[in-house]
Amino acid sequence: MSTEAELGLRDRLAKLSGVKLLRGTKLSAELERLQRQLERLRTDTSDEEIWRRVELARHQDRPYTLDYVERVLDDFFELHGDRGRLDDHAIVAGLGTLEGRTVALLGHQKGRDIKERTTRNFGMAYPEGYRKAMRVMELADRHGFPLVTLVDTPGAYPGVAAEQHGQGGAIARSQAAMARLGTPIVSVVIGEGGSGGAVALAVADRVLMQENAIYSVISPEGCAAILWRDASQAKKAASAFKPDAAHCLELGVIDGIVPEPEGGAHTDHAAAAALLREAVVSHLAELASIAPDELKRARRAKFRAMGVYA
Amino acid sequence: MSATGRIDVSIEHKLAAPDDAAARKHPNTCPGCSSHYRDDELAGHLRVCPQCGHHFPVRSLERIAQLADPDSFVEDETELRSADPLEFFDLRPYVERLAEAELATGLGDAMITGTASIEGHACRLAVMDFSFMGGSMGSVVGEKFARACEAAAADGVPLVSVSASGGARMQEGILALMQLPKTVCAVEELRDAGGVLISVIAHPTTGGLLASFASLGDVLLAEPGALMSFAGPRVVAQTTREKLPDDFGLAESNLRFGHIDAIVLRPELRSTLARLLRLFGDHT
């Protein structure tokens, strides 16, 4: 569809749903789906609602990557290590089957109890984690396995060793690796999509967010500390930069929203996993017939078009 | 002399006022050795302290004048301006901050792009300016960089980027974060077209810049003493309570750990770039 027609339709959709949409942003999701979602979500984006989603995204009982892996994939075989230095437990990698087809999986992994949280470093990866991810992306590409990534991190780990091992460069190269893959990629933000550490695993053909996930350039606390010089203004910061799924969809940053069970994903892991599975399967099916070069071209064009300027 | 060869004046710091007196120093007073210069004097030395070798920040147009052949630079994309998609308001509205930055710097945003030649070698330049909202990358910087990649590919000339940025522009929220994959994809397209990116990292290049195109040059050069870290020293100190090494995140440490190809003194930057442009092959 031409850009002009798409923009026209977005305008009409905006009038229909009463949600302010932006000229100049593009959305590659099918417009029907967009319309359904906008209509469902239009009443849901007050400041209070945004903060409730921030809290739900960080809820301690929220399902993490491995909770979804065991419910969504069959025959999961975990792959460890970056083949250089170590195995970063903040990122899980592996192969499994989905609808009988082998897929590669990558996801940030948080911990449930104190011991596991330490092992998983609260889902904050070192450069080694992103290097492990890149290795598995290339493996997927070599064998034509679709790639599914689950994003759930407060951010890449800000530490001395992480910097010494090249955190910034690893995040940049992980995005570049995803931009090169000739295999379909579906990413789902399942909790916190924290800044560079999140986008390093989310340069995908379809980027989805769960209903109560957040995706942001900085944590609300970090933003408040810098702009308000007071970390306790996090709520105010969150309502200013709007990290919730509805706003991300409106801004053309994501391609769709994955519903959660009533009350949030933490209330029913099995139901949340079923809904996630359904979304991933349907998006992968849509991407399955597209040639590798075309996938790559369209993926790059999608990210190339993001941004709003005059 | 490199920045590591500074005279140790830490004993004086103990007597100094505990608040950050350094931050209130005159911009032309050297943080390395406290020598003070007239502005024309400093500009004449490429803004490198003649006493201790400290590299002062360089504004974008002055940087271009230092690097490009006289009168060779032609700026493009001068009309691009930030929009305010989130109607962002912190202590002041984003549009007000933008207007103020434009008035104070005379720039449309934190990056200048255009064509130039360096010692006769044609190239494209994408130079950042830290004085425009901390050189932060929002939609305009991302778009200008992407267009610079496309122009470099179309012209068959190398792209030289000079980064100086605190990272993504928070006032543009998630769209600022999306400038990371956007610029990364632009570099990938440039690579597929057989193009060349030489990335010069000036002080400071942190956060989203280091996590996107600034790290993806075919060759990475940094200026002495440039801070280049994903997380800034304050964030790391506060989050981890680790004791930071003296050279935390500096170009020197990054060279030691293998993240950059060379540290280049500013007086040698022009000739170094010319040499690299020659090595990568003249497309003119």
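In case you missed it, the structure is sitting above this.
Values in this document were obtained by computation on a predicted structure and should not be read as measured data.

The rules we used
Residues numbered from 1 in each chain as written. Chains lettered and ligands numbered in written order. Predicted model: local features only at pLDDT ≥ 70, side-chain atom pairs only at ≥ 80, totals over all residues. Pairing = 2+ DSSP bridges. Helix = DSSP H or I, 4+ residues; strand = E, 2+ residues; numbered from the N terminus. Buried ≥ 20, exposed ≤ 12 C-beta atoms within 10 Å, placed from the backbone. Contact = placed C-beta atoms within 7 Å. Axes fitted to C-alpha atoms, helices over the stretch in contact; angles between N-to-C directions. Parallel < 35°, antiparallel > 145°, perpendicular 65-115°, else oblique. Nonpolar A, V, L, I, M, F, W, Y, C, P; charged D, E, K, R; others polar.

Q: Talk me through the sheet that holds strand β7 (residues 262–263) of chain B; I want residue IDs and the actual numbers.
A: All names here are of chain B. If you trace the 7 strands from one edge of the open sheet to the other, you get β1-β2-β3-β4-β5-β6-β7, paired in mixed fashion. Where the open sheet ends on each side, the last strands, each with one partner, are β1 (74–76) and β7. Bridge count between strand β6 (residues 219–222) and β7: 2 bridges; the pairing is parallel. Each bridged residue has a counterpart across the sheet, and for Leu-221 the counterpart in β7 is Ala-262.

Q: How would you summarise unusual backbone geometry if you had to cite specific residues and measurements?
A: Across the chain, the bulk of peptide bonds are trans and the bulk of non-glycine residues have phi less than zero. Residue and element names in this part refer to chain B. Of the consecutive residues His-203 and Pro-204, the connecting peptide bond is found in the cis state with omega at -15°. Considering the arrangement of structural elements, one finds Pro-204 in strand β5 (residues 197–205). Positive phi, close to 60°, is recorded for Arg-47, a residue that is not glycine. By the element assignment, Arg-47 lies in the loop between α2 (39–44) and α3 (60–67).

Q: A description of helix α4 (residues 65–72) of chain A should follow, citing residues and the corresponding values.
A: Helical geometry: 3.6 residues make up each α-helical turn, so side chains three or four residues apart lie on a common side. What α4 of chain A keeps buried is the set Thr-65, Asp-67, Tyr-68, Val-69 and Val-72 of chain A. Where α4 of chain A is buried, its residues meet β1 (74–79), β2 (91–98), β3 (101–108), β4 (147–153), β5 (185–194) and α13 (269–287) of chain A.

Q: Now, about the packing of helix α5 (residues 139–155) of chain B against helix α7 (residues 179–192) of chain B: what can you tell me, with residues and values included?
A: Residue and element names in this part refer to chain B. Between α5 and α7, the shortest axis-to-axis distance is 9 Å and the interhelical angle comes to 5°. Taken together, the axes of α5 and α7 lie roughly parallel to each other. Taking contact as the criterion, the partners of Ser-139, Val-141, Gly-142, Phe-145, Ala-146, Cys-149, Ala-152 and Ala-153 in α5 are, on α7, Gln-179, Lys-182, Thr-183, Ala-186, Val-187, Glu-189 and Leu-190. Residue composition of the contact of α5 with α7, grouped by class: 9 nonpolar, 4 polar and 2 charged.

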